[in-house]
Amino acid sequence: MNRKVVESFNKFEMGHAAIEQFSLGMNMNMLSHSSYYAHLPAMSKQAMGFSTTILEDARNLVRFEHIKENPDLSDCSVIDISVSHDGTWHKRGHTSNYGVGCVIDILTGLVIDFEVISKYCHTCSLTEKTLGKESPEYAFWYEGH
């Protein structure tokens, strides 16, 4: 029951605070902060498993369609295909720190790969504060990072 509540509120981009407000309004016991955050890793793992399965199915379908177009490709373990790449950020105007990029097969229009991208790195921020952005140590560290 708690997992479904967490899933539902996350689908509407609402977090623990919204669950608390809802619980207060409904005169129900509140889901604790630690319980809320304990559900998130399991939900993430479930979503990644689902996306892996969907991507594998899409890749197999793309392979099948390309082999149907050109039967000579059936013996190849790796085939050349034409793709398009598109991406989007969480907010308009490139002010967001997070986005996603997708690789799309030209023949079928199916997404065959994706990557979540970020302009923010917590380690970089901490090291920048510690060493100073203009220091040679930071420049050396950043190049290796």
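Here the structure is shown first, and the text comes after it.
It should be emphasised that the depicted structure is a prediction, and the values quoted were computed from it without experimental measurement.

S.K.: Can you help me understand the sheet that holds strand β1 (residues 83-89) in this one?
M.R.: The antiparallel open sheet is built from three strands, whose spatial order is β1-β2-β3. Only two strands of the sheet have a single neighbouring strand rather than two, namely β1 and β3 (111-118). Direction aside, neighbouring strands of the sheet carry axes that sit 20 degrees apart on average. Both strand β2 (residues 98-105) and β3 contribute to a ladder of seven bridges, which runs antiparallel. Each residue of the ladder has a partner; that of Val103, found in β3, is Asp113. Along the sheet, helix α3 (residues 33-69) contacts β2 and β3; its crossing angle with β3, the most-contacted strand, is approximately 140 degrees.

S.K.: Can you help me understand the packing of helix α1 (residues 2-11) against α3 in this one?
M.R.: In a packed pair of helices, the relevant descriptors are the angle between the two axes and the axis-to-axis distance. Packing of α1 against α3 brings their axes to within 10 Å, and their N-to-C directions diverge by 75 degrees. The orientation of α1 with respect to α3, classified from their angle, is roughly perpendicular. Contact residues: α1 offers Asn2, Arg3, Val6, Glu7 and Asn10, while α3 offers Tyr36, His39, Leu40, Ala42, Met43 and Gln46. By residue class, the composition of the contact of α1 with α3 is five nonpolar, four polar and two charged.

S.K.: What is the right way to read the nonpolar core from this model?
M.R.: In summary, soluble globular proteins display a tendency toward joint burial of nonpolar side chains. Residues Val6, Phe9, Ile19, Leu31, Tyr36 and Met43 constitute the largest nonpolar core, which totals six residues. Sorting the residues of this core by element identifies α1 and α3 as the ones contributing at least two each. If sequence neighbours within four positions are ignored, Phe9 has contacts with Met14, Ala18, Ile19 and Phe22.

S.K.: It is not clear to me how unusual backbone geometry should be interpreted in this structure. Could you clarify?
M.R.: Glycine aside, residues mostly have negative phi, and peptide bonds are mostly found in the trans state. The residue Asn27 is not glycine, and still its phi comes out positive at about 55 degrees. Mapped onto the elements of the fold, Asn27 is located in the loop between α2 (16-25) and α3.

S.K.: So what exactly am I meant to see when it comes to the pattern of salt bridges here?
M.R.: Oppositely charged side chains can pair when the atoms bearing their charge come close. Enumeration over the complete set of coordinates arrives at two salt bridges. Between Glu65 and Lys68 there is a salt bridge, with the nearest N and O atoms lying 3.5 Å from each other. Separated by three residues within a single helix, Glu65 and Lys68 lie in helix α3, roughly one turn from each other.

S.K.: Teacher, can you tell me more about the packing of aromatic side chains here?
M.R.: Ring pairs (aromatic) are described by centroid distance and by the angle formed between their planes. Within the structure shown, the criterion is met by three aromatic pairs. Here the aromatic rings of Tyr36 and Tyr37 are separated by 4.9 Å at their centres, their planes lie at 90 degrees, and the arrangement is edge-to-face. For Tyr36, a relative accessible area of 4% gives the class buried. Residue placement shows Lys119 over the ring face of Trp89; its charged tip is 5.1 Å from the ring centre.

About the criteria used
Residues numbered from 1 in each chain as written. Predicted model: local features only at pLDDT ≥ 70, side-chain atom pairs only at ≥ 80, totals over all residues. Heavy atoms only, no water. Pairing = 2+ DSSP bridges. Helix = DSSP H or I, 4+ residues; strand = E, 2+ residues; numbered from the N terminus. Axes fitted to C-alpha atoms, helices over the stretch in contact; angles between N-to-C directions. Contact = heavy atoms within 4.5 Å. Parallel < 35°, antiparallel > 145°, perpendicular 65-115°, else oblique. Nonpolar A, V, L, I, M, F, W, Y, C, P; charged D, E, K, R; others polar. Core = buried A, V, L, I, M, F, W, Y, C linked by side-chain atoms within 4.5 Å. Buried < 20%, exposed > 50% of the residue type's maximum accessible area, 1.4 Å probe, protein only. Salt bridge = Lys/Arg side-chain N within 4 Å of Asp/Glu carboxyl O. Phe/Tyr/Trp six-rings, centres within 6.5 Å; stacked < 30°, edge-to-face > 60°. Lys NZ or Arg CZ within 6 Å of the ring centre and 35° of its normal.

Functional significance is not addressed by these values, which are geometric in nature.
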